[in-house]
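Descriptive structure summary
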Amino acid sequence: MLFSEFIDIVQVQLQKPLPGLDAHLKMASASRLRLKMQPNEKTRRSAVLILFYPFRQEIYLPLILRPKYDGVHAGQMAFPGGRYEKTDENLIRTALREAQEEIGIKAADVKVLGTLTELFIPPSNFFVLPVIGKLAYKPDFYPDPREVEAIVEVSLEELKDESIIGATQLEVRGVTVDAPFYDIQGHKVWGATAMMISELLTVLRN
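Scope of this entry: the structure provided in the associated data block. (Residues numbered from 1 in each chain as written. Predicted model: local features only at pLDDT ≥ 70, side-chain atom pairs only at ≥ 80, totals over all residues. Heavy atoms only, no water.)

1. Some words on the environment of Ser 46
What counts, and what does not: The secondary structure listing takes helices from DSSP runs of H or I that are at least 4 residues long and strands from runs of E that are at least 2 residues long, numbered from the N terminus. Any residue under 20% of the maximum accessible area for its type is buried, any over 50% is exposed, and the rest in between are partly exposed; the area is computed with a 1.4 Å probe on protein chains only. We call two residues contacting when some pair of their heavy atoms lies within 4.5 Å.
Summarising the element assignment, Ser 46 is placed in strand 1 (residues 44-55). Relative accessible area serves as the criterion here: at 6%, Ser 46 is assigned to the buried category. Measuring from C-alpha to C-alpha, the distance between Ser 46 and Leu 129 comes to 6.3 Å, with 83 residues separating the pair along the chain. Among residues more than four places away in sequence, those in contact with Ser 46 are Gly 82, Arg 83, Tyr 84, Leu 91, Phe 126, Phe 127, Val 128 and Leu 129.

Structure (structure tokens):
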């Protein structure tokens, strides 16, 4: 499929009702389902960027590996993104600004196609909005070493391969968590990022 054809399909699909929770639950950890934590007055807003671009006659998107630090998402795979700042006009701007800061893309070159369903992340008490965008070219990446240990470029075909789905037990801050995951180039992608990927793939299949 040509990149332009794929982008047209994405734009059409994003105009339809989103699968939201049904898609999220397919990749939700057992602890999330059990605890049923809800947003509160201290919940903050954030956004991430799911960025498609053409490469080697295929469709790619970048994931990032967070460095190990004293935080709830240390060492995890994620989409580039971060918290909303008062200077951001909206959450779409948050996603673009954070992606530019973290992986060095040119935010002005990104065309925003739409958004997926906002997702609550209990461990960090954030609502995160997945923003979908596209670049007409493969970007040069310049990761910020303070926030990004590595950039993993993933083809859409790899992401759609159901054989990469697994389940495991993970140790998170002294607690054992049963979690489904996507095995992407040797990295376990789980938690909120896996839930976003699940919704993305559901949207593309519908």
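From this point on, the discussion continues.
2. A word on the nonpolar core
Selection criterion: Here the nonpolar core consists of buried residues drawn from Ala, Val, Leu, Ile, Met, Phe, Trp, Tyr and Cys, with membership extended through side-chain atoms lying within 4.5 Å.
Residues Phe 52, Leu 61, Ile 132, Tyr 182, Ile 184 and Leu 200 are the most contacted members of the largest nonpolar core, which totals 39 residues. For this core, the element with the highest residue contribution is helix 6 (residues 191-205), accounting for nine residues. In this view, Leu 61 contacts Ile 50, Leu 51, Phe 52, Tyr 53, Phe 79, Val 152, Glu 153, Val 154, Leu 159 and Leu 200; residues no more than four positions away in its chain are not counted. With 21 residues, the next largest nonpolar core counts Phe 55, Ile 64, Leu 96 and Ile 103 among its residues.

3. Overview of helix 6
Our working definition: For a helix, the expected span equals 1.5 Å multiplied by the number of residues minus one.
If you check helix 6, its first and last C-alpha atoms are 21 Å apart, about what 15 residues at 1.5 Å a residue would give, namely 21 Å. Within helix 6, 14 of the 15 residues are buried, which leaves it mostly tucked inside the rest of the structure.

4. Structural notes on unusual backbone geometry
Its identity is not glycine, yet Gln 57 carries a phi of approximately 60°, on the positive side. In this structure Gln 57 comes out as exposed when scored by relative accessible area, which is 79%. Unusually for a residue other than glycine, Gln 185 sits at a positive phi of about 55°. Note on placement: Gln 185 falls in the loop between strand 10 (175-184) and strand 11 (187-190). Look at Gln 185 and you get partly exposed, because its relative accessible area is 44%.

5. Let's talk about the pairing of strand 1
Operational definition: Pairing between strands requires that DSSP locate at least two bridges from one strand to the other.
Within strand 1, nine of the twelve residues are buried, which leaves it mostly tucked inside the rest of the structure. As paired strands, strand 1 and strand 7 (residues 126-134) are joined by nine bridges and run parallel to one another. Counted as the bridge partner of Leu 51 is Gly 133 from strand 7. Where strand 1 meets strand 2 (residues 58-65), three bridges bridge the pair, whose relative direction is antiparallel. Of the residues in strand 2, the one forming a bridge with Tyr 53 is Tyr 60. Remark: two residues form the turn of the hairpin made by strand 1 and strand 2, two consecutive strands paired antiparallel; Arg 56 in that turn has positive phi of roughly 55°.

6. As for the pairing of strand 2
Counting buried positions along strand 2 gives seven out of eight residues, so the element sits mostly inside the fold. The pairing of strand 2 with strand 8 (residues 150-155) spans six bridges and is antiparallel. Looking at the pairing, Leu 61 lines up with Val 154 of strand 8. Bridge count for strand 2 against strand 3 (residues 77-78) is two bridges, and the pairing is antiparallel. Bridged to Ile 64 within strand 3 is Ala 78.

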